[in-house]
There are 2 protein chains.
Amino acid sequence: MPYTTLPLAFTVGKTSQSTVLPETFVPATVPGAVQLDWARAHQWPDWNYGDNCKQYDGLEAFYWLYRTVLEYPTLAPGQKLYFVSQGIDYKFDIRLGGKVLLAQEGMFTPVELDLTGKAQPGDVLEILIHPAPDSGDRTTNRAPANKSAKPAVSWGWDWHPRLIPLGIWDDTRLEIRPAAHIKSAALDYILTDDLSAADIKLYVTLAEAPGGGMVEWVLDGPQGTMVIRQSAEAARQMVFTNVLPAPQLWWPHDHGPQNRYTVTVKLYSAGHQVLDERSWKTGFRRVRLVMHEGAWDRPGECPATQRECPFTVEINNRHVFAKGSNWVAPEIFPGLITAETYRPLLELAKEANFNLLRVWGGAMVSKDSFYEQCDALGLMVWQEFQQACNCHPDDAGYLKVLDQESRSIIQRVKPHPCRVLWCGGNELFNSWSRMTEQSHPLRLLNRNCYELDQYTPYIYTSPIFGVRHGDYRFANSDKTEVYQIFVRYEATAYTEFGVPGPSPVEILREIIPPAELFPPKPGTAWETHHAYKAWDGDAESWLLISTIERYFGVPASLEELVANGEWLQCEGYKCLFEESRRQKPRSSMALNWCYNEPWPSAANNSIVVWPARKKPAFEAVKAACRPVLASARIPKFTWSAGEVFTCQLALLNDSYAKGKPGEVRATLQLDEGTVITAASWKFAAPEPNHNLIGPEVQFQIPDAPFKTLTLRLSVPNRPELDSTYRLLAKRS
Amino acid sequence: MPYTTLPLAFTVGKTSQSTVLPETFVPATVPGAVQLDWARAHQWPDWNYGDNCKQYDGLEAFYWLYRTVLEYPTLAPGQKLYFVSQGIDYKFDIRLGGKVLLAQEGMFTPVELDLTGKAQPGDVLEILIHPAPDSGDRTTNRAPANKSAKPAVSWGWDWHPRLIPLGIWDDTRLEIRPAAHIKSAALDYILTDDLSAADIKLYVTLAEAPGGGMVEWVLDGPQGTMVIRQSAEAARQMVFTNVLPAPQLWWPHDHGPQNRYTVTVKLYSAGHQVLDERSWKTGFRRVRLVMHEGAWDRPGECPATQRECPFTVEINNRHVFAKGSNWVAPEIFPGLITAETYRPLLELAKEANFNLLRVWGGAMVSKDSFYEQCDALGLMVWQEFQQACNCHPDDAGYLKVLDQESRSIIQRVKPHPCRVLWCGGNELFNSWSRMTEQSHPLRLLNRNCYELDQYTPYIYTSPIFGVRHGDYRFANSDKTEVYQIFVRYEATAYTEFGVPGPSPVEILREIIPPAELFPPKPGTAWETHHAYKAWDGDAESWLLISTIERYFGVPASLEELVANGEWLQCEGYKCLFEESRRQKPRSSMALNWCYNEPWPSAANNSIVVWPARKKPAFEAVKAACRPVLASARIPKFTWSAGEVFTCQLALLNDSYAKGKPGEVRATLQLDEGTVITAASWKFAAPEPNHNLIGPEVQFQIPDAPFKTLTLRLSVPNRPELDSTYRLLAKRS
């Protein structure tokens, strides 16, 4: 946009009453958070370390007042002055000379205020941030958030401390614009069923139509060639219609290219000068949520009705097995997030062979750069609204805010072809939430998604009928393991499952005071960082030290503890991802809980440690998510000398490439020594996107002591299909 | 409305091509149907008799042209001439002097055409009816209707011949109105959660605002006392807001009074003359669909998510067990239906102790008088949209018609407090339909219901998760009976179940030619009237003569056949209704398939024969639906001499009245002779809306021959709770 953009320098102070001025103001960094400004000014230590985060407790209960002096040159005739903010968290009043210009609840709806004729250079603009929302409900930690559209995670979660950011969290500035400028421009399209053409509508709204002026829009193809160019006399509301034949489609990275088109809209004056311009990238894809193959072919007992919701992602008429993870905010303070925060995390997600991220509902809607990068990397995005584990009521005030916020969110994300699914929020149909498909907030979101983005599916919540969340551990208290548990399930989609693991030793040293480091104990920084009592009724999560000790004995050092915990996380995740995939086509999705974390945890189900560091489990998951691999269904983790080891072979295949026949050879090695070979399995060329289930193979374990068992599957001349599993000797 | 209303005399003719005039025109009755006019002119016999309906086959494939000469006095200055129709079936063009004034698809959207300045007295107005919609899909009989919003039942159903009405089916006339008149007036309200007040909005739209004029609206209470009166200067769009404290609520008849308020809106000229007036009755009730008592208390296995949809009707904060039936159109030709068609049927529905009717989706939306009578009688209405057993596609053209039609339907039904549930249509999630909650037609309907009638629940279809349709017979081919089948089910709602029975002998004599009357055979009028091959793959429905013969032997006469079939229907329905009720609170609804029928069938699951005549099963159902009754869970239908007869007693109680303790005495009588008495059951006062489940009681059947067993439950001094079951001796 050819505007003059002027930065704003803010100070901020806190006060207990909205009508009383703060006693002191401190410099504010924008975007940021009031807590960050306050902590910086008072030299508080890093909240990531030890128990420091507790120092922030209660800051969210104050009013916070931002102040800035408007500094800008005198406006030329016809120029307009705007105050623009992409996001202010959460409820606020914007005042000029003491007069309220805007009172808003909701952090995802951008602010655009025309100050022309109202402000003078040197005037003070104030933003009064109200205390964090509080419904008064105290039934759970998060219940105070149940009438607000602010992410509930800030109230504390099993991997997030209670720390509730407030303040200006996204780009904020003054702009000097010509009177005639573009207010909004958006592209909408419908792909024909056979994908042969896109019916396009381009909507343009002008603040003012320049007399004799013109609007032109251009669509440039992925290779930079112009494919559409249209223009018309400028008017306040304009709709261009066009047809794009043979669009080059956007695909997730494991199924095709990430073709993106560039839309450019220009507003010309009568004298053919460019007054304003908008340009963005978009892509064309057809996405549906459909019943899995065979779903309708069950025995025809009356009432013979659907017992599961459709949950297979269909992209460009192709069923796609979705592999990925649950994405949570990469920082506690959204104001700290930049494109560079997302970049390494998203590149790792692609490296992990993930093709879908669920942007989990308790957390933030991401900033624009997140979706841009997902578009470019070919990562599909399941986007939730900000509801999680709460009963959000049929309350007129709440519904009004949710309406406004959801419309803003849909409009923000809609230009991005990566979006494949809207969802009302997390675990809302669960007994701890007790919402239903009759809940007005969920019907409202269904309506808004249908109205504003009809061709992207919407679900009320996850899990829904047929879909599974959990479990979240390597073994239950009754000693049944992931190996035995998951084969019993028959979900259509596994959208949350986890195996926790400790963070690497170096991370632990960075966040836990030396005196508390080993052995880990409850009531220390280990607990603050979720190693203990992460959730109600579970004293041991997420370190689960008794499980580690059951398999490996009491660790002698921090290093041994971490290595053993990592081992369980690696093998557990391999089992869960591979079993979910093996159940295709009934199962169509495998998303572990969770991918990343908003601060450094001591132990977590995540596979990437804050800010963007791989755990060993990352590599295990990456291997389990390869498009094609040899896989073994293993019955248990620990084995004894003299036992017969059995496992069932499979070729897991999510690829649509022409399959090739081959052979899987399985060997079992005891420690670094004896190698036993089982009968090999010759497999035929797999059908596209179909697994091959192979035979059960057996090994006689020698009657000699050993510590570890390594199962190796190898496919001659195709090492990219090879798999390895590390198992353990049973403790006597 | 103080308008001058002028009737219109139509003629109608058929033609194969829209551009070719019909060769002959016949007099048309309006409202009616083109087929009725044609048949009358050509003296065709009654379609209800024998195979006569087949003669109508194919008439729906023609174009039909209605013509009328406009006869009206010269308009005074300021007067307007309107052509008004409440409904034209299905796709049509309205032409004046050969010019198309309106082209519409959709029979439920009223027509209002301003002819002022366009027409002259003596002009010819034409309505060209297009052939019945046809998507070209031939996979089922009804598939041609899958891209239309016309009730699919006309294409033939297991209780409806293939006969597809077309033409003007609702009130149609000319109106002379003042230029300033009311275009629409509608009342909307939200009841507070505690029911202590209604926030009211009254919307008025004027065709033109009379200069200096005024609009006044008045709300009169159930006893005729004025409770609200507001006025304001007339404007094109007006919204009045008000609060009604302590509204007298509308209740279903078995839970409270049918309080109704009268809304009157008047438009006054500057000179205080009434220019226009609208008046209608409405009522205040809060309705929700909620989870049944105990639904959230199941074992907490992860993911511990909702496995059923909420299906308990809550009226005015009270859970209500819904008892009733599936309503189908009471005539094949909707143009024949008047308030007097509905009246006896609805009065019988109330007499049957029904409190809810499901207006089934394959059939018609009823005329206004249906909902008026349901309001007055205290019958709740579950209203479906016109989709049934088809896969209605995400097709832009279809969605546009569905949008228009559904908005019209919602606006038509919304004034009526009897409406408690909107539903997308019948069996759309079943394998023969294959729609899902991602289907755009169902998301569109959810949106429109939310937008236009937020405070009435909406479901996608029936059955949905947890809800059951079927079975529809007294015994399966494997000889298991309703007694054994239904106790196994665990549905949250039984929204369709049936036991067929033959029509009474007199009805059969009226519709089946004497030569075909006995014994019944396939290929005769018995088959045309659904006694055989009523649905694919079932040669025996709905007479199911082999079942009757299995229990009773080969009948010697038509009278004997009918009496035996009626016996099974009576006892089967008692079992099904009582078992559904016994499963409360898990079960919250019992609706049999079906209540009535659109023509005289030979055998049907209905309990009322066309046009409004009770079958014996009506009385059995009525007994099973009493608010409170003594009930027996009976294990089987046939018994032998010397056997031990067992049954479990219960007190079924849907009442909120204070319960009383009592005693159930059970006796068993052999034929008209021996009476055996079992131990009696003393029951405590039941909690409101809670059943009491009693003991199992036993009778030793003497070792002597008998034909029938009669089980009688009696409650001393409270004969209104007594129940009787007629069972049979097992054939040797």
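Above: the structure in question.
Residues numbered from 1 in each chain as written. Chains lettered and ligands numbered in written order. Predicted model: local features only at pLDDT ≥ 70, side-chain atom pairs only at ≥ 80, totals over all residues. Heavy atoms only, no water.

Caption draft 1: Structural context of the overall build of chain A. Helix and strand counts for chain A stand at 11 helices and 43 strands. Taken along its principal axes, the extent of the C-alpha atoms in chain A is 95 × 65 × 50 Å. Sorting the 732 residues of chain A into buried and exposed places 62% on the buried side. For chain A, the proportion of contacts with a sequence separation of at least 24, taken over those separated by at least 6, is 72%. For chain A, the distance from the average site of its 73 positive side-chain charges to the average site of its 83 negative ones is 2 Å. (Helix = DSSP H or I, 4+ residues; strand = E, 2+ residues; numbered from the N terminus. Buried < 20%, exposed > 50% of the residue type's maximum accessible area, 1.4 Å probe, protein only. Contact = heavy atoms within 4.5 Å. Lys, Arg positive; Asp, Glu negative; His and termini not counted. Charge placed at Lys NZ, Arg CZ, Asp CG, Glu CD.)

Caption draft 2: The arrangement of the interface of chain B and chain A in detail. Taken together, the contact pairs 48 residues of chain B with 48 residues of chain A. Summed over both partners, the interface of chain B with chain A comes to about 4,100 Å²; 53% of that surface belongs to carbon and sulfur atoms. For the pair chain B and chain A, the number of links is two salt bridges. Two residues, Arg434 of chain B and Asp297 of chain A, come together in a salt bridge whose shortest N-O distance is 4.0 Å. Here chain B and chain A share nine residue pairs in polar contact (both at pLDDT 80 or more) between them. Of all the elements in the fold, those that place two or more residues in the side of chain B that touches chain A are α5 (440–452), β27 (458–459) and β28 (467–469) of chain B. For the side of chain B that touches chain A, the element with the most residues is α5 of chain B, which contributes eight residues. Considered class by class, the residues forming the side of chain B that touches chain A number 25 nonpolar, 12 polar and 11 charged. (Buried area = accessible area lost by both parts, 1.4 Å probe. Salt bridge = Lys/Arg side-chain N within 4 Å of Asp/Glu carboxyl O. Polar contact = N/O pair within 3.5 Å; in protein donor to acceptor, adjacent residues only side chain to side chain. Nonpolar A, V, L, I, M, F, W, Y, C, P; charged D, E, K, R; others polar.)

Caption draft 3: Representation of the side chain of His253 of chain B. With respect to the helices and strands, His253 of chain B occurs in the loop between β17 (237–245) and β18 (261–268). On the accessibility criterion, His253 of chain B (18% relative accessible area) is buried.

Caption draft 4: Molecular detail of the nonpolar core. Core analysis: the largest hydrophobic core is formed by 468 residues, its most contacted members being Phe83, Ile127 and Phe645 of chain A together with Phe83 and Ile127 of chain B. Sequence-distant contacts of Phe83 of chain B, defined by excluding residues within four places in its chain, comprise Leu8, Phe10, Ile94, Val111, Glu112, Leu113, Leu115, Leu125, Ile127, Thr172, Arg173 and Leu174 of chain B. (Core = buried A, V, L, I, M, F, W, Y, C linked by side-chain atoms within 4.5 Å.)

Caption draft 5: The sheet that holds strand β14 (residues 197–206) of chain A, seen in detail. Residue and element names in this part refer to chain A. Reading across from one edge, β13-β14-β17 is the order of the three strands in this open sheet, with antiparallel pairing throughout. Strands with a single pairing partner mark the edges of an open sheet, and in this sheet they are β13 (182–191) and β17 (237–245). Put simply, the sheet's adjacent strands are angled 15° from each other on average, direction ignored. Where β13 lies against β14, nine bridges are found, and the strand directions are antiparallel. Along β14, the bridge assignment pairs Ala186 with Tyr203. (Pairing = 2+ DSSP bridges. Axes fitted to C-alpha atoms, helices over the stretch in contact; angles between N-to-C directions.)

Caption draft 6: Quick look at the relation of the copies chain B and chain A. Rotating chain B by 180° about the axis while translating it 0.0 Å along that axis superimposes it on chain A, leaving an RMSD of 0.0 Å. What we have between these two chains is a two-fold relation. In terms of proximity to the rotation axis, the leading residue of chain B is Arg447 of chain B, whose C-alpha is 2.4 Å off the axis. Looking at chain B, 100% of its interface residues are interface residues in chain A too, so the copies touch through the same face. (Least-squares fit on C-alpha atoms with pLDDT ≥ 70 in both.)

Caption draft 7: Broad picture of helix α9 (residues 545–552) of chain B. Residues and elements named next belong to chain B. Inspection of α9 places Ile545, Thr547, Ile548, Tyr551 and Phe552 among the buried residues, and these make up the whole buried set. Seen from one end, α9 has its buried residues packed into an arc of 160°, which puts them on one side. Summarising the contacts, the buried residues of α9 are in contact with α10 (558–582), β36 (638–639) and β43 (723–729). One or two residues past the end of α9 sits Gly553, with phi positive at roughly 85°. (Arc of directions from axis to C-beta.)

Caption draft 8: Structural detail: unusual backbone geometry. Along the chain, Asp89 of chain B connects to Tyr90 of chain B via a cis peptide bond; the corresponding omega equals 10°. Following Lys584 of chain B, the chain continues to Pro585 of chain B via a peptide bond in cis, the omega torsion being 10°. The topology assignment puts Pro585 of chain B in the loop between α10 and β31 (589–592). Positive phi, close to 50°, is recorded for Asn316 of chain A, a residue that is not glycine. If you trace the backbone, Asn316 of chain A turns up in the loop between β21 (312–315) and β22 (318–320). The phi torsion at Asn717 of chain B lies on the positive side, around 70°, for a residue other than glycine. One can find Asn717 of chain B in the loop between β42 (708–714) and β43.

Caption draft 9: Main features of the pairing of strand β26 (residues 419–423) of chain B. Residues and elements named next belong to chain B. For β26, a buried count of five out of five residues is recorded, marking the element as mostly surrounded by other parts of the structure. Taking the sense of rotation as the criterion, the β-α-β connection linking strand β25 (residues 380–384), helix α4 (residues 396–413) and β26 turns out right-handed. In this sheet, β27 lies alongside β26 in parallel orientation, the contact comprising two bridges. The residue of β27 that forms the bridge with Trp422 is Tyr458. Crossover connection from β26 via α5 to parallel β27: handedness right-handed. (Right-handed = clockwise from strand over helix to strand, strands pointing away.)

Caption draft 10: Region of interest: the pattern of salt bridges. All names here are of chain A. Counting across every chain of the model gives 88 salt bridges over all chains. One salt bridge connects Asp37 with Arg40, and the closest N-O pair in it is separated by 3.1 Å. Here Arg40 and Asp37 lie together in helix α1 (residues 34–41), a separation of three residues that amounts to about one turn. Accessibility expressed as a relative area gives 1% for Asp37, which makes it buried. A salt bridge links Glu559 to Arg509, with the nearest nitrogen and oxygen atoms 2.9 Å apart. Of this pair, Glu559 sits in helix α10 (residues 558–582) while Arg509 sits in helix α7 (residues 505–511), placing them 50 residues apart in sequence. One continuous salt-bridge network, built from bridges that share partners, spans Glu112, Arg173, Glu175, Arg177 and Lys183.

Caption draft 11: Examining the pairing of strand β37 (residues 644–653) of chain A more closely. All names here are of chain A. Among the 10 residues in β37, eight count as buried, and that is most of the element. The pairing of strand β35 (residues 628–633) with β37 spans six bridges and is classified as antiparallel. Paired with Val628 across the strands is Asn653, a residue of β37. With seven bridges connecting them, β37 and strand β41 (residues 692–700) associate as antiparallel partners. Its bridge partner being in β41, Phe645 is matched across the sheet by Phe699.

Caption draft 12: Geometry of the packing of aromatic side chains. Taken as a whole and assessed by the stated rule, the structure comprises 85 aromatic pairs over all chains. Between the aromatic rings of Phe486 of chain A and Phe497 of chain A, the centroid separation amounts to 5.7 Å while the plane-to-plane angle is 70°, which identifies the pairing as edge-to-face. Residue Phe486 of chain A is located in the loop between α6 (482–485) and β29 (493–496), and its partner Phe497 of chain A is located in the loop between β29 and β30 (501–502); the two are separated by 11 residues in the primary sequence. The pair Phe486 of chain A / Phe497 of chain A is uniform in exposure class, with both members buried. Stacked on the ring of Tyr551 of chain B, the Lys or Arg Arg550 of chain B has its end atom at 5.7 Å from the ring centre. (Phe/Tyr/Trp six-rings, centres within 6.5 Å; stacked < 30°, edge-to-face > 60°. Lys NZ or Arg CZ within 6 Å of the ring centre and 35° of its normal.)

Caption draft 13: Inspection of the environment of Ile485 of chain B at higher detail. Residues and elements named next belong to chain B. Within the element layout of this structure, Ile485 appears in helix α6 (residues 482–485). A sequence separation of 80 residues divides Ile485 from Glu405, and the C-alpha atoms of the two residues are 40 Å apart. Residue contacts for Ile485: discarding those within four places in its chain leaves Asp471, Asn476 and Thr480.

Caption draft 14: Representation of the environment of Thr11 of chain B within the structure. Residue and element names in this part refer to chain B. Along the chain, Thr11 falls in strand β2 (residues 10–15). A residue is classified by how much of its surface remains accessible, and Thr11, at 29% relative accessible area, is partly exposed. Spatially, the C-alpha atoms of Thr11 and Thr24 are 9.5 Å apart, while their sequence positions differ by 13 residues. In contact with Thr11, not counting residues within four places along its chain, are Phe25, Val26, Pro27, Ala28, Leu65, Tyr66 and Arg67.

Caption draft 15: Quick peek at the sheet that holds strand β16 (residues 226–233) of chain A. Residue and element names in this part refer to chain A. Strand order in the open sheet made by the four strands is β16-β15-β18-β19, with antiparallel pairing throughout. Strands with a single pairing partner mark the edges of an open sheet, and in this sheet they are β16 and β19 (274–282). On average, each strand axis in the sheet is inclined to that of its neighbour by 10°, with strand direction left out of account. Of the pairings in the sheet, the one linking strand β15 (residues 214–220) to β16 comprises seven bridges and is antiparallel in character. Across the sheet, Trp217 pairs through a bridge with Gln230, a residue of β16.

Caption draft 16: Highlighting the packing of helix α4 (residues 396–413) of chain A against helix α5 (residues 440–452) of chain A. Residue and element names in this part refer to chain A. Relative to each other, α4 and α5 sit at 30°, their axes nearing to 10 Å. Relative to α5, α4 is oriented roughly parallel. With respect to the hand of their crossing, α4 and α5 are arranged in right-handed fashion. Each of Tyr398, Leu399, Leu402, Asp403, Ser406, Arg407, Ile410 and Gln411 in α4 lies in contact with α5, whose residues at this interface are His440, Pro441, Leu444, Leu445, Arg447, Asn448, Cys449, Glu451 and Leu452. Among the residues forming the contact of α4 with α5, the class breakdown is nine nonpolar, four polar and four charged. (Parallel < 35°, antiparallel > 145°, perpendicular 65-115°, else oblique. Left-handed = near helix turned anticlockwise from the far one by under 90°.)

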